[in-house]
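Structure at a glance
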Amino acid sequence: MSDTNQDAASSNTMEVLLRPDDIAHKMRRLALQILERHAKAPLRFIGIHTRGVIIGERVRELLREDLGEIPYGTLDISLYRDDLDNMGAMPSLKGTDIPFSVEGAHIILFDDVLFTGRTIKAAIDALTDYGRPQLIELAVLIDRGNRELPIAPNYVGLTVPTDKHDYIRVRLREHDGEDGIYQTKKPD
Amino acid sequence: MEPRKDLLDIASLNLEEIEFVLKTAGPFKELFRKSIKKVPPLRGKTVLTLFYEPSTRTRSSFEIAAKRVSADVTNFTVGSSSVVKGESVLDTIDTLQAMKCDYIVVRHQAAGVPNMIAKHTKASVVNAGDGFHAHPTQALLDAFTLRETFGDLENKKILIVGDILHSRVARSVGRICEKLGMKIGVLGPGSLIPRHRPAFMRTFSSYDEALDWKPDTIYLLRVQLERQKDQFFPSLNEYHNVYGLTDERFRRIEGEGTWVMHPGPVNRGVELGDAVMNYERTLINQQVENGIAVRMAVLYWLKPQTD
Amino acid sequence: MDAFILRNGQLAQEDSPDLTETDLFIESGKLKAIGPQLPAVDGVPEFDVTGRVLLPGLFDVHVHLREPGREDKETIKTGSEAAINGGVTGIVAMPNCTPAIDSGGMVQSVLDIASRDARIPVYTTGCITKGRLGKELANIGGMHARGAVMITDDGDPVGNHQILRRAMEYAREFGLIVASHCEVKELSGVGAMNEGEVSYRLGIPGIPAESEEICISRDIRLAHLTGAHVHIQHVTSGEGMRIIERFKEDGIHVTCEVSPHHLIFNETHIQDYDTHYKMNPPLRRPEDNAILLDGLKRGIFDVIATDHAPHTDFEKQLDFGSAPFGITGLETALPSLYQEFIKPGHFGWDLLVKRYSAEPRRLLGHDPVVFKEGSPVNLTIFHPDKETHFTTSFMQSKSKNTPFLDQHVQGHVEMVVLDDAILLDRLTANAS
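Below you will find a few notes about this structure. Not measured: the values here are computed from a predicted model.

**Description of the pattern of salt bridges**
Residues and elements named next belong to chain A.
- In the structure shown here, the tally under the stated rule is 61 salt bridges over all chains.
- With a closest N to O distance of 2.8 Å, arginine 64 and glutamate 61 form a salt bridge. With arginine 64 and glutamate 61 both in helix 3 (residues 51-67), this residue pair falls three residues apart, about one helical turn.
- Look at arginine 64 and you get partly exposed, because its relative accessible area is 32%.
- The network of salt bridges with shared partners includes Glu57, Arg60, Glu61, Arg64 and Glu69.

Written as C-alpha cells, this is what we have:
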C-alpha cells in the first residue's frame, strides 16, 4: 500500500519513475511472467486494497484471452495490521470480498508497492483465515526494497533502490484520475 | 476524525463517527459467513463486561463481538451485596484498573455511571445501558439495521411505541434517527410520554392516528412490568388493547408493508400479538445479529488510553 | 492585640447603597472610635485596609452541622470554623442530626457542645415532629425552653396537613417560627434534579417545581389559618417566589429565604452528572435564577441563607441518583455573591448586609450589628480585589462538596473580629 502524503509528493525533489506508457508496459510484463509459470493450473487473483485491487484487475484483463475469466477477490488487511495501536484513528474498512473457496487454491496476491513486507504478512494472515491455499504468490508493480520481514515477490514490474525515508507515490487512473509513479528523495 | 476513548451516549457523537461505525460494521458482518469468524485487531487486549443489572442477551452479544475481534473477555460479576453496602463503583473500577483491562463494557441501573467510570479510567468505556439515560450500541445496531432495510434514511419515518419516559432505548434510538435525517413519532400512555421530550419527537393521540402518519417502521419498546405496579397505566391487558401491536393492527400494517422492530426480549401479548412474530417484515432477529457486528465495530473504533 | 486601628476601610451598611470611607479604632472588643482620619494613639498598632470592605459579621439561619451523628461530615466545631472562614459570625443549625434534635435534652446538648467548641454564637432549631417522621409532635415546649429558635423538619416536609396545623397552633403560643422545607414527597418521588429537558436528556428522574410550589402554598395558608409565623426555606422556583409574593401583598406574615446556589446555578450546570450540583430542593431553570435575583432585589426574600449541607467525598462519588442532596456554602457564600452579583452591579453591598447580616438577626429577634462608638465589635473585612482559591486545605469544613472546590473566586475574607476575639486574621499577618 502506498502512502498518500500530499505535501511530500508535491515537494520539488519529486521525480517521475513511471509514466502512463511505462505503467502499461510493466503491467504487460507482470502478465507475461504469470502466464509463463501458470499456463495450465487454474489461478485465482486477490487484490489488496486499494491500488493492489486495480493492478490485479488490469493484469487479469490482459490475461483474459489466454487464461479466461480468472476468479477475482479483494482483500482488506486493515484488521490484520500490526501497527493499529500506534494509529490515531482506526482505518476505515473497505471490506474483504473473496467469492471463491481458497481451500487448495493457487492464489496470486497483487499490491502496488512492496516495502517492509508487513502488508503482505498481514495479507497472508488474513487469507489463511479463509482456508488453506495450496500456493500463494505475490505480484507487485514496484519493489522498493528495505524489507523488515523475510518476504520476496514472485513477479515484479520495476525494482527501485530507495532509502527507507524516501517516498513512493502511486497514482492509478481508476482511483486517482491518472497513471504515474513518483519518487521523492529524503531531504538531505 | 478524532480518536474517541469512550462510547457513552449518542448525543455526543458526530455524524462522521456514526457513519464510521455503521460502515465498519458491514465488513464485520461479512465475516460471519466465513468459517473463521474471528479477526485480530484487538489481539492482546482485554475486554471486561461489568453488568450491575442482569442482561444475558446484551452481555452475550458483547462477549461474542469481543471474541470475534480477538480480545480476551472477562465477565466481572458484581455481587449484589457490595452494591447494597454502597461500595463505590469507583472502588470497583480501581480493582479493574489493576487487572489492566483495556475496555470496560458497563451496564448499570443508575444513569451516568458509565460517564463517571470513563472519567476515572484510561480504559475505553462502552455504555451497555445506564438507567433511563442511554443505550448507544442498541441505537447503532438499530441504525445499521434500518440502513440495511431502507438504504438512505433521509425522511424515513419511525414510530416508537411504549414507555418513552423511562426508556434509554427511546432516547438513544430517537437521537440517532434524528441525526440520520429520519422523522420520529412517539406513541404511548400519556403518563409515559415525557413532558420535556425533544422537539423532534412528534406525538399521536391514538394508534390509528399514528398509523395514518404512515410510518416506514414501528419500533416497539419493551414494557417494564413494574410500571404497571407504579400506576403508569391501569393494566397490561389495557396496555395491549390501547398501545399493543394487536393482531388487528397488525393486519393493517401488513397491508401497508410496515417493518417492525423491537430491542428484545419481547413480552408476547403485551407489546405485540403472536401474529407479528412470524411476520416477514419483522427485523427482530436481524437486530440481534447486527448487534454483534456493530459491537465489533465499536470495539474496533474506540481507542483506549491504556499502555 | 487588645487595641488596634484600621485605616481607610470602606464601611458597608444596610441603609446606604454607598460605601463610606472610615477608620475604626477597636479596643477591648468595643468600637472606641469611628470616623475618617482618626488621630493616632501611642502604642496602638495601625493597619491600612484601603480598598477593603468592612462588613457587619454575616449571619446564616440555615446550616447543617451534622453533630451529633455524622461527625465524619461536619461537627459544630468545624462547621462554625467554616462560618468564620467565610465571614459569618452567627449560625442556626438544622435539627436533622442522628438522632434528630427533637427534645429539650437534645437542644441542650447541641448548645452545650457549641458553647464548648464554637467561637461564634451557634443557635439550634428543633424538630416539628418526633424523629422528623411527620407523625407525632416533638417536644416543642421543652425545646423552646432550652433555647431552640425555630422548629422545622428540614429535609422533609410535614406531610400530614392536620399535624402541621396543630404544630403551628402549638408553636404560635411560644412565638416559635415554623421553618418549612417545602416539598410534596409523592410528586418528587425518586427524583434527583429538576424535572425538565436536562433531566430527560440525562435520564435522571425529575422533581417538578410544582412539588415545592404546592407545599409553599399549603404552608402559608395553614400559617394564615393558625396565625403562626412560617418561614419558607430555600425557595428555588420563580413561581414559588410569586406565590409568597402574592401572600405578602395580601398582608399575610410570612418570611422566606433564598440560597446563593439557587441564585447562581441552574440545572444546566449539572452537565455530566456532577453531584456537587445535586441538592434538594434542586437547581431549577436558568430563567429561575433571574426571577429569584429580581425577587431578592425587590425585597421578596427576607434573608439569604446557604443551607450549608456537608457530605463526604465517598457519598458524593456515588452515581447522581444515589448521591445525597446537599452543597456546602458557608465559606463560599460571600465571595461568590460578590463575584456574581455585587461586582457586576446587580445589587449593592447594602443588600448583602441587609439580607445576610441584619435581617437574619432580626428574624431571630436580635438586634442587627451596628457600627457606632461604644458598640461591641462584630466585623468581617473583605478584600474585593483578591481572589480566594477554594482548596481543600483552605476550607475549614470537614466536607468539600461544592462546585467551587479548587476554583478561584473573586474576593477574600481577610479578617473576622467578634467582641474581643480576632477569629480570623489574614490581614495583619500579611502586613507585618
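**Side note on the sheet that holds strand 6 (residues 183-187) of chain B**
All names here are of chain B.
- Reading across from one edge, 7-6-5-8-9 is the order of the five strands in this open sheet, with parallel pairing throughout. The sheet is open, and its two edges are formed by strand 7 (201-203) and strand 9 (259-261), each paired on a single side. The sheet shows a mean angle of 25° between the axes of neighbouring strands, taken without regard to direction.
- The sheet strands contacting helix 7 (residues 168-179) are strand 5 (157-161), strand 6, strand 7 and strand 8 (217-220), and the helix crosses strand 5 at an angle near 170°.

**A closer look at the interface of chain B and chain C**
- Contacts between chain B and chain C engage 24 residues on the former and 17 residues on the latter.
- Summing both partners gives a buried area of about 1,600 Å² for chain B against chain C, and 57% of it is carried by carbon and sulfur.
- It is B:Ala111, B:Arg171 and B:His196 in chain B that bury the most area against chain C; as a group they hold 30% of the surface buried on that side.
- Run the count over chain B and chain C and you get two salt bridges.

**Notes on helix 1 (residues 76-85) of chain C**
Residue and element names in this part refer to chain C.
- When you tally the buried positions in helix 1, you get nine out of ten residues, the bulk of the element.
- Within helix 1 the residues assigned to the buried category are Ile76, Thr78, Gly79, Ser80, Glu81, Ala82, Ala83, Ile84 and Asn85.
- Each element contacted by the buried residues of helix 1 is listed here: strand 7 (88-93), helix 2 (104-117), strand 8 (122-124), strand 17 (408-418) and strand 18 (421-425).
- Taken from the residues just after helix 1, glycine 87 is the one with a positive phi, measuring 85°.

**Here we look at the interface of chain A and chain B**
- Facing 16 residues of chain A, the contacting portion of chain B comprises 17 residues.
- Summed over the three residues of chain A that lose the most area to chain B, namely A:Leu79, A:Met90 and A:Leu93, the buried surface amounts to 39% of that side.
- The tally of links between chain A and chain B comes to one salt bridge.
- Put simply, A:Asp85 and B:Lys45 hold a salt bridge, and the shortest N to O gap is 2.7 Å.
- Taken together, the residues of the side of chain A that touches chain B sort by class into nine nonpolar, five polar and two charged.

**Digging into the nonpolar core**
- By size, the foremost hydrophobic cluster in this structure holds 104 residues, and its most contacted members are C:Leu55, C:Ile91, C:Ile220, C:Ile232, C:Leu263, C:Trp349 and C:Leu352.
- Examining the composition of this core, we find that six residues originate from one element, helix 12 (residues 333-342) of chain C, more than from any other.
- Residue-level mapping places this core at the junction of two domains, with at least three residues from each of domain 1 (3-54 + 372-430) and domain 2 (66-363) of chain C.
- Setting aside residues no more than four positions away along its own chain, C:Leu55 makes contact with C:Ala12, C:Leu334, C:Trp349, C:Leu352, C:Val353, C:Phe371, C:Asn378, C:Leu379, C:Thr380 and C:Phe382.
- One finds B:Ala25, B:Ile176, B:Val186 and B:Ile193 within the second-largest nonpolar core, a separate group that totals 87 residues.

**Let's talk about the pairing of strand 8 of chain B**
All names here are of chain B.
- Neither face of strand 8 is open: one carries Thr217 and Tyr219, the other Ile218 and Leu220, and all of them are buried.
- As paired strands, strand 5 and strand 8 are joined by four bridges and run parallel to one another. If you follow leucine 159 over to strand 8, its bridge partner there is isoleucine 218.
- Where strand 8 lies against strand 9, three bridges are found, and the strand directions are parallel. Across the sheet, the residue bridging to tyrosine 219 is methionine 261, located in strand 9.

**What to know about empty space enclosed by the protein**
Residue and element names in this part refer to chain C.
- Scanning the model with the defined rule gives four cavities of 30 Å³ or more in all.
- Considering only enclosed or pocket space, the largest cavity measures out at about 70 Å³ in volume.
- Lining the largest cavity we find 13 residues, and of these Pro260, His261, Thr328, Gly329 and Thr332 sit closest to its centre.
- Only helix 9 (260-264) and helix 12 provide two or more residues apiece to the lining of the largest cavity.
- Here the lining of the largest cavity takes three residues from helix 9, the largest share from any one element.

**Some details on the packing of helix 6 (residues 136-150) of chain B against helix 13 (residues 284-301) of chain B**
Residue and element names in this part refer to chain B.
- The N-to-C vectors of helix 6 and helix 13 enclose an angle of 115°; their axes lie 8 Å apart at closest approach. Considering the relative orientation of helix 6 and helix 13, their crossing is right-handed. Mapping the contact onto sequence places Thr137, Gln138, Leu140, Leu141, Asp142, Phe144, Thr145 and Glu148 in helix 6 and Gln286, Gln287, Asn290, Gly291, Val294, Arg295 and Val298 in helix 13.

**Side note on the state of the cysteines**
All names here are of chain C.
- Evaluated as defined, the whole model comprises zero disulfides over all chains.
- Cysteine cysteine 127 is unpaired, with the sulfur of cysteine 97 as its nearest cysteine sulfur at 8.5 Å.
- Cysteine 182 supplies the cysteine sulfur nearest to cysteine 215, a cysteine that is in no disulfide, at a spacing of 4.3 Å.
- Judged by its relative accessible area of 3%, cysteine 215 falls in the buried class.

**Details of the arrangement of the chains**
- The protein chains that touch form two pairs of chains, and the pair with the most contacts between them is chains B and C.
- Without any contact between them, chain A and chain C keep their closest C-alpha atoms 25 Å apart.

**Side note on the packing of helix 1 (residues 15-31) of chain B against helix 6 of chain B**
Residue and element names in this part refer to chain B.
- Two elements in contact, helix 1 and helix 6, have axes whose closest approach is 10 Å; the angle formed by their N-to-C orientations is 70°. By the angle class used here, helix 1 and helix 6 are roughly perpendicular. In terms of crossing hand, the pair formed by helix 1 and helix 6 is right-handed. Contact residues: Ile18, Glu19, Val21, Leu22, Ala25, Gly26 and Lys29 in helix 1; Leu140, Ala143, Phe144, Arg147 and Glu148 in helix 6.

**Considerations on the sheet that holds strand 7 of chain C**
All names here are of chain C.
- On the basis of which strands lie adjacent, the open sheet formed by three strands has the order 6-7-8 and parallel pairing. In the strand order of this sheet, the two ends are held by strand 6 (58-63) and strand 8, each with one partner. Shown here is a sheet whose adjacent strand axes are inclined to one another by a mean of 20°, direction ignored.
- Bridge analysis of strand 6 against strand 7 gives four bridges, and the strand direction is parallel. Across the sheet, the residue bridging to phenylalanine 59 is glycine 90, located in strand 7.

**Topic: unusual backbone geometry**
- Between B:Gly264 and B:Pro265 the backbone carries a cis peptide bond, its omega angle lying at -15°.
- Counting through the fold element by element, B:Pro265 comes out in the loop between strand 9 and helix 12 (274-277).
- The omega torsion of the bond from C:Glu67 to C:Pro68 falls at 10°, within 30 degrees of zero and hence cis.
- With respect to the helices and strands, C:Pro68 occurs in the loop between strand 6 and helix 1.
- Positive phi is not limited to glycine here, since C:Gln37 has a value of about 45°.
- Tracing the backbone shows C:Gln37 in the loop between strand 3 (30-35) and strand 4 (46-48).
- With a relative accessible area of 73%, C:Gln37 lands in the exposed category.

What counts and what doesn't
- Residues numbered from 1 in each chain as written.
- Chains lettered and ligands numbered in written order.
- Predicted model: local features only at pLDDT ≥ 70, side-chain atom pairs only at ≥ 80, totals over all residues.
- Heavy atoms only, no water.
- Salt bridge = Lys/Arg side-chain N within 4 Å of Asp/Glu carboxyl O.
- Helix = DSSP H or I, 4+ residues; strand = E, 2+ residues; numbered from the N terminus.
- Buried < 20%, exposed > 50% of the residue type's maximum accessible area, 1.4 Å probe, protein only.
- Pairing = 2+ DSSP bridges.
- Axes fitted to C-alpha atoms, helices over the stretch in contact; angles between N-to-C directions.
- Contact = heavy atoms within 4.5 Å.
- Buried area = accessible area lost by both parts, 1.4 Å probe.
- Nonpolar A, V, L, I, M, F, W, Y, C, P; charged D, E, K, R; others polar.
- Core = buried A, V, L, I, M, F, W, Y, C linked by side-chain atoms within 4.5 Å.
- Domains from an automatic or database assignment.
- 1 Å grid on protein atoms, 1.4 Å probe; cavity = no way out; pocket = protein on both sides within 12 Å on 5 of 7 lines; lining within 4 Å.
- Points joined across faces, edges and corners; volume = space filled by probe spheres on them.
- Left-handed = near helix turned anticlockwise from the far one by under 90°.
- Disulfide = S-S within 2.5 Å.
- Parallel < 35°, antiparallel > 145°, perpendicular 65-115°, else oblique.

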